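Coordinate inspection notes
Take a look at the letters that make up each chain.
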Amino acid sequence: SGVTIKGEIGEACQKKGCWMTMAEGETEMRVRFLDYGFFVPKDCAGRTATIQGVATFDTITVDMLQHYAEDAGDSEEEIAKITEPEYELSFEATGVLIE
């Protein structure tokens, strides 16, 4: 079971394509892929995706937030500004279709 959401891709992991962000209404959420079973193209930002899976609210640690920022290609200065964990909507996708 789960939900299906369609939206625009915000950014994607610039190392392997192992996560992306998508807007769900006013909320941006990070989309990860079940068991790292698949990846998305690193240049998929701005394209439309339909994702299927499970959405949850989760606390993201400072270490993980810094890791995501590094994956996204942020500068060391930007990464150093991350000092607080975040409570955010995250999505574990079992399938992704990019148009």
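The shown structure was predicted, so the numbers you read here are calculated from the model rather than taken from an experiment. (Residues numbered from 1 in each chain as written. Predicted model: local features only at pLDDT ≥ 70, side-chain atom pairs only at ≥ 80, totals over all residues. Heavy atoms only, no water.)

Notes on the sheet that holds strand β2 (residues 19-24)
- If you walk around this closed barrel you meet the 5 strands as β1-β2-β3-β5-β4, and the pairing is mixed. Strand-to-strand twist across the sheet, computed as the mean angle between neighbouring axes with direction ignored, equals 50°.
- Taken together, the 12 bridges between strand β4 (residues 48-60) and strand β5 (residues 86-98) define a ladder with antiparallel strand orientation. By the bridge assignment, Phe-57 is partnered in β5 with Leu-89.
- Lying on the sheet, helix α1 (residues 62-71) is in contact with β2, β3 (27-33), β4 and β5; it crosses β4 at an angle near 150°. (Pairing = 2+ DSSP bridges. Helix = DSSP H or I, 4+ residues; strand = E, 2+ residues; numbered from the N terminus. Axes fitted to C-alpha atoms, helices over the stretch in contact; angles between N-to-C directions. Contact = heavy atoms within 4.5 Å.)

Considerations on the nonpolar core
- Of all hydrophobic cores here, the largest spans 15 residues; its most connected members are Met-20, Met-22, Val-31, Ile-51 and Phe-91.
- Mapped by element, the contributors of at least two residues to this core are β1 (3-12), β2, β3, β4 and β5.
- Dropping the residues within four chain positions of it, Phe-91 is found in contact with Val-3, Ile-5, Met-29, Arg-30, Val-31, Arg-32, Ile-51, Gln-52, Gly-53, Val-54 and Ala-55.
- Formed by 7 residues, the second largest nonpolar core is a distinct cluster that contains Cys-18, Ile-60, Leu-65 and Tyr-68. (Core = buried A, V, L, I, M, F, W, Y, C linked by side-chain atoms within 4.5 Å. Buried < 20%, exposed > 50% of the residue type's maximum accessible area, 1.4 Å probe, protein only.)

Examining the packing of aromatic side chains
- Considering all chains together, one arrives at 3 aromatic pairs under this definition.
- A centroid spacing of 5.6 Å and a plane angle of 20° characterise the contact between Phe-57 and Tyr-87, whose relative ring orientation is stacked. Residue Phe-57 is located in strand β4, and its partner Tyr-87 is located in strand β5; the two are separated by 30 residues in the primary sequence. Of the two residues, Phe-57 and Tyr-87, neither departs from the other in class, the shared state being exposed.
- Directly above the ring of Tyr-68 sits Arg-30, whose terminal nitrogen or CZ lies 3.7 Å from the centroid. (Phe/Tyr/Trp six-rings, centres within 6.5 Å; stacked < 30°, edge-to-face > 60°. Lys NZ or Arg CZ within 6 Å of the ring centre and 35° of its normal.)

Some thoughts on the side chain of Glu-88
- Assignment of secondary structure puts Glu-88 in strand β5.
- The exposure class of Glu-88 is buried, given its relative accessible area of 14%.
- Those residues in contact with Glu-88 that sit more than four places away from it in its chain are Arg-30, Thr-56, Phe-57, Asp-58 and Ile-60.

A short note on the pairing of β5
- Alignment of β3 against β5, held across 4 bridges, turns out to be parallel. For Arg-30, the partnering residue across the bridge sits in β5 and is Ser-90.

Things to note about unusual backbone geometry
- Of note in this structure, Asp-35 is not a glycine but carries a positive phi near 55°.
- Position of Asp-35 relative to the elements: it lies in the loop between β3 and β4.
- Its identity as a non-glycine residue notwithstanding, Tyr-36 has a phi of 50°, on the positive side.

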